[in-house]
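Listed below, chain by chain, are the residues.
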Amino acid sequence: MSLFIFVGEYISALNHIFIDCIECIKHYFNCAVHKVSQIGGAVIFCLHHQTIYCKPKKSIERLLVSKMALASVLGSDYADFSFDTDKSYAFGSGLAAEPTSIDNLSFAIKGALGSAEQDDVEKKIEFLHGTTTLAFKFDHGVIVAVDSRATAGAYIASQTVKKVIEINPYLLGTMAGGAADCSFWERLLARQCRVYELRNKERISVAAASKLLANMVYQYKGMGLSMGTMVCGWDKRGPGLYYVDSEGNRVCGDLFAVGSGSMYAYGVIDSGLRQDMSVEDACELGRRAIYQATYRDAYSGGQVNLYHVHGEGWTRVSQDDVLLLHHKYQEKL
Amino acid sequence: MEYLIGIQGPDFVLVAADSVAASSIIKMKDDHDKMFKLSDNILLLCVGEAGDTVQFAEYIQKNVQLYKMRNGYELSPTAAANFTRKNLADYLRSRTPYHVNLLLAGYDQADGPALFYMDHLSALAKAPFAAHGYGAFLTLSILDRYYKPGGWTGEQDASLLSILNKRFILNLPSFNVRAIDKEGVHDLEKVCGREREREGRERESR
């Protein structure tokens, strides 16, 4: 796995480093960052785990930033990568020990790193919800369909992201916004749901699960969490679908689409949805809606992952590559 | 944009709220209820920042119910309104102010109907009629012109909401309407916009 450390405007040395494992990163990170901590901040791309570590100048903590979108790091609207063409950076390249001067590689972040000397308020990180996820209720349960693309600005970081989080065998959560936020909080929700089950000898309802999540996240409102998730499940009141986000919204509904491609998905679903559809028709509608969204939205793509939630829990229905779906639908025309 | 309105009649209070839950330009839900029942004859209508509305309204709701459990009798609408305002004011200059605009409507057996207007800066005013939102600009003047204390019968509501359909650029398709009188809270028929009516007529004819 390769690890590149890019250091900001003020820094004098740049390195390309090859690291074996995540433990080494942590060790190396602390050493390397300590070196540069006096001068500026650091952003680390771990291509293997597809996560971006960002360390602003003042704070020691690492802030684990989205793997789905490169935010406006430290307040800038975009991160401008301008690479000198001579300098090659190869994935998995060996140890390139020659130090590079700042002239060769400039990682220009608009809005200088560490310039805002604020006490403990880190600059607001805006996340781009580059995804399409949708879920809708119908007579035979809930269909959940998601894409699988992760973007870092204009770069596609991954086409195989799992955006449906399996909270427990009868509850699903979708992921939009910050991947770390979604997966962490939904994992915490899974723990709370299990505790509820143990205490009350009864499965938790979807309404209660979504309320737990909403309350947990509300406490961090305004602190930079980014999460737009749908909690889908089946409880004794039948199919349940709630939209919960980091702003504090919690809404019950029959149909939601979340993400940059959501509007395209809404269009397809709204025009084709009937409550009495068969399971296959509903699956096909969900698949088609995600495909249409990936067609129009640059930040959505990859594969369509489809789940069906019914009385006995959830089932993973299918995973289809969007390109193959494209050919399939083209033939039908 | 969200809209709330309340009108006090001779022995009832009429309140209406639009029923759209939106997230930027998308309508997430079009049958969302923005009214919270504090007790059998007090309603709290709450709009404002996402999350703050529900959290604050439920907080007030639970506290009013707790008062009843502890003391054996309910808070009056005036007391509930002042309690709500105090909470808003306490949080206003903290790190986490609640950005909500409220209408509190209630019927007291002794004092009769009451309508209170509260805003996010924790102003409190007892008023014969009040509204929140951009729609308020259009509807308050009608109320100023035509309202007579003891003279609002309730049929005039539909005309009031129709002015929003006529002039307001943001379509508010439907409203939840409730009335509070000495018998308690009553759900009234949802008032729908013209588009909804046309849709309904088309669906029937199909």
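Residues numbered from 1 in each chain as written. Chains lettered and ligands numbered in written order. Predicted model: local features only at pLDDT ≥ 70, side-chain atom pairs only at ≥ 80, totals over all residues. Heavy atoms only, no water.

Caption draft 1: View of the overall build of chain A. Looking only at helices and strands, chain A features six helices and 20 strands. Counting contacts in chain A only where the partners sit at least 6 residues apart, residues at least 24 apart contribute 62% of the total. Split by element, the accessible area of chain A, about 15,900 Å² in all, is 53% carbon and sulfur. (Helix = DSSP H or I, 4+ residues; strand = E, 2+ residues; numbered from the N terminus. Contact = heavy atoms within 4.5 Å. Areas by Shrake-Rupley, 256 points an atom, 1.4 Å probe, with all protein chains shown as cover.)

Caption draft 2: Examining the sheet that holds strand β18 (residues 255-258) of chain A more closely. Residues and elements named next belong to chain A. Read across the open sheet, the five strands follow the order β18-β9-β10-β19-β20; overall the sheet is antiparallel. A strand with exactly one partner marks an edge of an open sheet, and here the two such strands are β18 and β20 (313-321). If you compare each strand with its neighbour and ignore which way they point, the axes differ by 15° on average. Note: strand β19 (residues 303-310) against β20, eight bridges, orientation antiparallel. Within β20, the residue paired with Gln-303 across the bridge is Asp-321. Running at roughly 155° to β18, helix α4 (residues 262-272) makes contact with β9 (133-138) and β18 of the sheet. Running over the sheet, helix α5 (residues 279-296) touches β9, β10 (141-146), β19 and β20 and is turned about 155° from β9. (Pairing = 2+ DSSP bridges. Axes fitted to C-alpha atoms, helices over the stretch in contact; angles between N-to-C directions.)

Caption draft 3: The interface of chain A and chain B, seen in detail. Each partner contributes residues to the interface: chain A has 16 residues there, and chain B has 13 residues. Where chain A touches chain B, the interface holds two salt bridges. Between Glu-58 of chain B and Lys-211 of chain A there is a salt bridge whose closest N-O contact spans 2.8 Å. The interface formed by chain A and chain B includes six residue pairs in polar contact (both at pLDDT 80 or more). The biggest single contributor to the side of chain A that touches chain B is helix α3 (residues 206-218) of chain A, with four residues. When grouped by side-chain class, the residues that make up the side of chain A that touches chain B number 10 nonpolar, three polar and three charged. (Salt bridge = Lys/Arg side-chain N within 4 Å of Asp/Glu carboxyl O. Polar contact = N/O pair within 3.5 Å; in protein donor to acceptor, adjacent residues only side chain to side chain. Nonpolar A, V, L, I, M, F, W, Y, C, P; charged D, E, K, R; others polar.)

Caption draft 4: Structural context of the sheet that holds strand β9 (residues 124-126) of chain B. All names here are of chain B. An order of β5-β6-β7-β8-β9 is seen for the five strands of this open sheet, with the pairing classed as antiparallel. Both outer strands of the open sheet, β5 (35-39) and β9, are each paired with one neighbouring strand and no more. With strand direction ignored, the average angle separating the axes of adjacent strands in the sheet is 20°. Strand direction decides the pairing type here: strand β8 (residues 112-118) and β9, joined by three bridges, are antiparallel. When the sheet's bridge partners are listed, Phe-116 is paired in β9 with Lys-126. Here helix α1 (residues 52-71) sits on the sheet and contacts β5, β6 (42-48) and β7 (100-108); the angle it forms with β5, its principal contact strand, is near 15°. Lying on the sheet, helix α2 (residues 77-92) is in contact with β6, β7, β8 and β9; it crosses β7 at an angle near 160°.

Caption draft 5: Region of the structure containing the pattern of salt bridges. Summed over all chains, the structure comprises 17 salt bridges over all chains. Here Asp-147 of chain A ties to Lys-163 of chain A by a salt bridge, and the two come within 3.0 Å at their closest N and O atoms. Taken together, the positions of Asp-147 of chain A in the loop between β10 and β11 (150-152) and Lys-163 of chain A in the loop between β12 (155-158) and β13 (164-168) put the pair 16 residues apart, joining distant regions of the chain. Both residues of the pair, Asp-147 of chain A and Lys-163 of chain A, count as buried. In this structure, Asp-187 of chain B engages Arg-178 of chain B in a salt bridge whose closest nitrogen and oxygen atoms are separated by 2.3 Å. On the basis of relative accessible area, Asp-187 of chain B is assigned to the exposed category, the value being 57%. Given the relative accessible area of 15%, Arg-178 of chain B is considered buried. Each of Glu-284, Arg-287 and Asp-320 of chain A takes part in one network of salt bridges that share partners. (Buried < 20%, exposed > 50% of the residue type's maximum accessible area, 1.4 Å probe, protein only.)

Caption draft 6: Region of the structure containing the environment of Ala-176 of chain A. Of note, Ala-176 of chain A is situated in the loop between β14 (171-174) and α2 (179-200). Each C-alpha atom, one on Ala-176 of chain A and one on Leu-285 of chain A, is 20 Å from the other, the two residues being 109 residues apart in sequence.

Caption draft 7: View of the environment of Gly-133 of chain B. Residue and element names in this part refer to chain B. Within the element layout of this structure, Gly-133 appears in the loop between β10 (129-132) and α3 (135-146). Gly-133 sits in the partly exposed class, given a relative accessible area of 34%. As for Gly-133 and Gly-48, which are separated by 85 residues in sequence, their C-alpha atoms are 9.3 Å apart.

Caption draft 8: Fine view of the nonpolar core. All names here are of chain A. Within the largest apolar cluster, 42 residues are counted, with the highest numbers of intra-cluster contacts made by Leu-134, Phe-136, Val-144, Met-230 and Phe-256. With seven residues, the top contributor of residues to this core is α5. Each residue touching Val-144, except ones within four places of it in the same chain, is listed here: Leu-134, Ala-135, Val-164, Leu-172, Thr-174, Cys-232, Asn-305, Leu-306, Tyr-307 and Val-309. Grouped together as the second largest cluster of nonpolar side chains are 22 residues, Trp-185, Val-206, Leu-213 and Tyr-242 included. (Core = buried A, V, L, I, M, F, W, Y, C linked by side-chain atoms within 4.5 Å.)

Caption draft 9: The arrangement of the packing of α3 of chain A against α1 of chain B in detail. Direction vectors running N to C along α3 of chain A and α1 of chain B enclose 105°, while the axes themselves pass 11 Å from each other. Between α3 of chain A and α1 of chain B, the interaxial angle falls into the category roughly perpendicular. Across the interface between the two elements, Lys-211, Ala-214, Asn-215 and Tyr-218 of chain A of α3 of chain A pack against Asp-52, Val-54, Gln-55 and Glu-58 of chain B of α1 of chain B. Its residues assigned to classes, the contact of α3 of chain A with α1 of chain B comprises three nonpolar, two polar and three charged. (Parallel < 35°, antiparallel > 145°, perpendicular 65-115°, else oblique.)

Caption draft 10: Highlighting the confidence of the model for chain B. Within chain B, residue pLDDT values average 87, and 89% of them lie at 70 or more. Interface confidence for the predicted complex, expressed as ipTM, amounts to 0.81; the pTM equals 0.71. (pLDDT = per-residue confidence, 0-100.)

Caption draft 11: How the structure looks around the UniProt feature "active site" (unreviewed entry) in chain A. Using the residue numbers shown here, the UniProt feature "active site" (unreviewed entry) corresponds to Thr-131 of chain A. With respect to the helices and strands, Thr-131 of chain A occurs in the loop between β8 (105-109) and β9. (UniProt positions renumbered as here; feature names shortened; annotations may be inferred.)

Caption draft 12: Seen up close, α3 of chain A. With 13 residues, α3 of chain A ought to run about 18 Å at 1.5 Å a step, and its terminal C-alpha atoms sit 18 Å apart, in line with that. Residues of α3 of chain A that are buried include every one of Val-206, Ala-207, Ala-209, Ser-210, Leu-213, Ala-214, Met-216, Val-217 and Tyr-218 of chain A, and no others. Where α3 of chain A is buried, its residues contact β14, α2, β15 (228-235), β16 (238-245) and β17 (250-252) of chain A together with α1 of chain B. (Expected span 1.5 Å × (residues − 1).)

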